[in-house]
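Chain and residue survey
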Amino acid sequence: MRKLQYPAIYKHFKGMYYASMGISEPIENVEGMAEVLEIKHTELGTKFMIYKKDDKFYHDVKESTDTLAIYRSLYDAGSYGRPLEMFLSKVDKEKYKFASQEYRLELVEILKNDEKVEDRINQTIEKFNNYMANMKDMKDEEKLNNAMALLMEQQTLINAILLNRR
């Protein structure tokens, strides 16, 4: 069975990108736990809090009995929870005949825990400076693709930094 990698970047079979943040387990008593993130449950459409204790994520069992994959959108500020089994499931090829991916969400990049954030930031700044210096020689589609890649990388860094501060 597949396992959720985090923090990491996943591509949804419909083309959008997401940063995985972790797994949240349902728990009966959230008293005394630190609220860290409000999410929207993708299947229920409800919003509720995710809590953190001892570097693990939890949510109130009254909100959802599912173990949830917690992730953020890289195209807006949305934070989501999806049942873990669904997050890791295969695409329903009967329903989505156009889908080229095997899985609903496929791993694109894992952020290494031993990688220094400062080094990653400096690499991203260098890539941005190279992009700006070479932009005038690029075709429009190439500019857009490079800009999107830089934005995804920057958002991934921001998400990893924010998550580790909580």
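Along each chain, residues carry numbers from 1 onward, in the same order as the chain's sequence is written. Under the rules for a predicted model, residues below a pLDDT of 70 receive no local features and side-chain atom pairs below 80 are neither given nor counted, while totals for whole chains, interfaces and linings still include all residues. Hydrogens and water molecules were not included; the side-chain quantities draw on all heavy atoms of the structure.

**Some remarks on the overall build of the protein chain**
Helix and strand content of the protein chain: three helices and eight strands. Counting from the amino terminus, the protein chain carries its helices and strands in the arrangement β-β-β-β-β-β-β-α-β-α-α. When burial is assessed residue by residue, the protein chain has 38% of its 166 residues classed as buried. Within the protein chain, contacts between residues at least 6 apart in sequence are counted, and of these 55% link residues at least 24 apart. Carbon and sulfur atoms make up 48% of the accessible area of the protein chain, which amounts to about 10,600 Å² in all. Elements are defined by DSSP. Helices are runs of H or I of four residues or more, strands are runs of E of two residues or more, and each kind is numbered from the N terminus. For every residue, the accessible area obtained with a 1.4 Å probe (protein chains only) is divided by the maximum for its type, and the residue is called buried under 20%, exposed over 50%, and partly exposed between those limits. Contact between two residues is taken to exist if any of their heavy atoms lie within 4.5 Å; hydrogens are not considered. Areas reported here follow the Shrake-Rupley algorithm with a probe of radius 1.4 Å; residue values treat only the protein chains shown as occluding.

**Description of the pairing of strand β3 (residues 34-41)**
Within a regular strand, the side chains alternate between the two sheet faces. Any two strands are treated as partners once DSSP identifies two or more bridges connecting them. Relative to strand β4 (residues 47-53), β3 is paired through six bridges, and the arrangement is antiparallel. Each residue of the ladder has a partner; that of Glu-35, found in β4, is Tyr-51. What sits between the antiparallel neighbours β3 and β4 is a turn of five residues, in which Gly-45 has the positive phi angle 75°. Where β3 meets strand β7 (residues 79-83), two bridges bridge the pair, whose relative direction is parallel.

**Considering the packing of aromatic side chains**
Aromatic pairs are defined between Phe, Tyr and Trp rings, using the six-membered ring for Trp, whenever the two ring centres lie within 6.5 Å; interplanar angles under 30 degrees are classed as stacked, those over 60 as edge-to-face, and all others as tilted. For the structure shown, the criterion picks out seven aromatic pairs. The cationic tip of Arg-2 hangs over the ring face of Tyr-103; the distance from NZ or CZ to the ring centre is 3.9 Å. When the NZ atom of lysine or the CZ atom of arginine is within 6 Å of a ring's centre and also within 35 degrees of its normal, the charge is said to sit over that ring.

**A word on a nonpolar patch on the surface**
Candidate patch residues must exceed 30% relative accessible area and have no salt bridge, after which like charges are joined if within 9 Å and Val, Leu, Ile, Met, Phe, Trp or Tyr side chains if within 5 Å. By definition here, a salt bridge exists when the distance from a side-chain nitrogen of Lys or Arg to a carboxyl oxygen of Asp or Glu is within 4 Å. A cluster of nonpolar side chains, namely Leu-144, Met-148 and Leu-151, defines an oily patch on the protein surface of about 300 Å² accessible area. As for its position among the elements, Met-148 is in helix α3 (residues 140-165). Classification of Met-148 as partly exposed rests on a relative accessible area of 44%.

**Here's the deal with the pattern of salt bridges**
Following the criterion strictly, the structure yields three salt bridges and no others. Two residues, Lys-52 and Asp-55, come together in a salt bridge whose shortest N-O distance is 3.9 Å. Here Glu-102 and Lys-90 are joined by a salt bridge, their closest N and O atoms 3.2 Å apart. Taken together, the positions of Glu-102 in the loop between α1 (84-87) and β8 (105-110) and Lys-90 in the loop between α1 and β8 put the pair twelve residues apart, joining distant regions of the chain.

**Digging into the layout of surface pockets**
Estimated volume of the second largest pocket: approximately 170 Å³. Gly is put with the polar residues, along with every residue not named as nonpolar or charged; the nonpolar set is Ala, Val, Leu, Ile, Met, Phe, Trp, Tyr, Cys and Pro, and the charged set is Asp, Glu, Lys and Arg. Each residue belonging to the lining of the second largest pocket can be placed in one class, and the counts come to five nonpolar, two polar and four charged. Both site types are read off a 1 Å grid over the protein atoms alone. A 1.4 Å probe that fits but cannot get out defines a cavity, while an open set with protein on both sides within 12 Å along at least five of seven lines defines a pocket; lining residues have an atom within 4 Å of a point. Grid points are joined across faces, edges and corners, and a volume is the space filled by probe spheres set on the points.

**Comments concerning the environment of Ala-34**
Looking at where Ala-34 falls in the secondary structure, it is placed in strand β3. Between the C-alpha atoms of Ala-34 and Met-49, which are 15 residues apart in sequence, the distance is 9.8 Å. Not counting chain neighbours up to four residues away, the residues in contact with Ala-34 comprise Ile-50, Tyr-51 and Lys-52.

**Let's talk about the environment of Arg-2**
Relative to the helices and strands, Arg-2 is located in the segment before β1 (8-12). Separated by 85 residues in the primary sequence, Arg-2 and Phe-87 place their C-alpha atoms 10.0 Å from one another. In contact with Arg-2, other than residues within four places in its own chain, are Tyr-10, Phe-87, Leu-88, Ser-89, Tyr-103, Leu-105, Glu-106 and Leu-107. A polar atom in the side chain of Arg-2 sits 2.9 Å from the backbone oxygen of Leu-88. Between N or O atoms, a polar contact is any pair within 3.5 Å; within protein, one atom must be a potential hydrogen donor and the other a potential acceptor, and residues adjacent in sequence are included only when both atoms are from side chains.

**Let's talk about the environment of Tyr-75**
Counting through the fold element by element, Tyr-75 comes out in the loop between β6 (68-73) and β7. With residues up to four places along the chain from it excluded, the contact list for Tyr-75 reads Met-16, Tyr-17, Tyr-18 and Tyr-80.

**Some remarks on the confidence of the model for the protein chain**
A score between 0 and 100, pLDDT records how confident the predictor is in each residue. Per-residue pLDDT for the protein chain has a mean of 84; in total, 84% of the residues score no lower than 70. The spread of mean pLDDT over the elements of the protein chain runs between α3, the lowest at 68, and α1, the highest at 97.

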